[in-house]
Amino acid sequence: MSAIKIEVQGDRALVRTLSMLPRDIRESADVALDLISEKMVAYAKMIAPVRTGRLRRSIYHKRRGQMTHEVGARVFYSIFVEYGTRKMKAKPFLRPAYYRYVGEIHRTLIRKIQEGLRRRGE
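What counts as what
Residues numbered from 1 in each chain as written. Predicted model: local features only at pLDDT ≥ 70, side-chain atom pairs only at ≥ 80, totals over all residues. Heavy atoms only, no water. Salt bridge = Lys/Arg side-chain N within 4 Å of Asp/Glu carboxyl O. Helix = DSSP H or I, 4+ residues; strand = E, 2+ residues; numbered from the N terminus. Expected span 1.5 Å × (residues − 1). Bend = angle between axes of the 7 residues up to and from the residue. Buried < 20%, exposed > 50% of the residue type's maximum accessible area, 1.4 Å probe, protein only. Pairing = 2+ DSSP bridges.

**Student:** I'd like to hear about the pattern of salt bridges, residue by residue, with values.
**Tutor:** Close approach of charged atoms allows side chains with opposite charge to pair. Using the criterion set out here, one finds nine salt bridges in the structure. When the shortest N-O distance is used, the salt bridge between Arg119 and Asp24 registers 3.9 Å. Here Asp24 lies in helix 2 (residues 23-47) and Arg119 lies in helix 5 (residues 94-119), a separation of 95 residues in the sequence. One salt bridge in this structure joins Glu70 and Arg64, with 3.1 Å as the shortest N-O distance.

Below you can see the structure in the form of structure tokens.
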């Protein structure tokens with residue numbers, strides 16, 4: 001199974017600061033990440049190579065925790081398709097989906113935090 005995990009990472013101070021945000025702001029950001037993750041799934045399904053359709057049907061999104069989302073494929077051979085092998089050229093579908101939406105992820109997180117703080121007058 002291959003998967004791309006989207007989680008807020010950085011130095012410990014940043015992670016600690018994000019975890020101290022009010023719950024409503026974190027939840028708002030999480031909902032936005034859900035929507036973006038579903039867009040990533042749709043894009044990955046659109047560009048995934050199709051032979052039988054099994055790989056495409058196995059692409060999923062799962063919330064793994066607060067501000068942690070996973071987009072991946074459940075079939076065992078997905079990693080070989082994504083990265084290739086000695087004998088088979090890579091046909092990536094998860095990484096391009098991530099790179100297509102990474103900017104939107106960053107912009108959305110910043111916007112949700114700013115909106116939440118504005119609502120609170122902070």
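From this point on, the discussion continues.
**Student:** Give a description of helix 5 that names residues and reports values.
**Tutor:** The terminal C-alpha atoms of helix 5, which comprises 26 residues, lie 36 Å apart, in line with the 38 Å expected from a rise of 1.5 Å per residue. Most pronounced at Tyr101, the bend in helix 5 amounts to some 40°. Along helix 5, the residues that are buried comprise Leu94, Ala97, Tyr101, Val102, Ile105, Thr108, Leu109, Lys112, Ile113 and Gly116. Where helix 5 terminates, the next one or two residues include Gly121, which has phi positive at roughly 75°.

**Student:** Break down the pairing of strand 2 (residues 59-65) for me, with residues and values.
**Tutor:** In regular strands, side chains alternate between the two faces of the sheet. Judged from the six bridges that link them, strand 2 and strand 3 (residues 68-73) form a sheet pairing that is antiparallel. Along strand 3, the bridge assignment pairs Lys62 with Glu70. Linking strand 2 to strand 3, which pair antiparallel, is a turn of two residues; within it Met67 sits at a positive phi near 55°.

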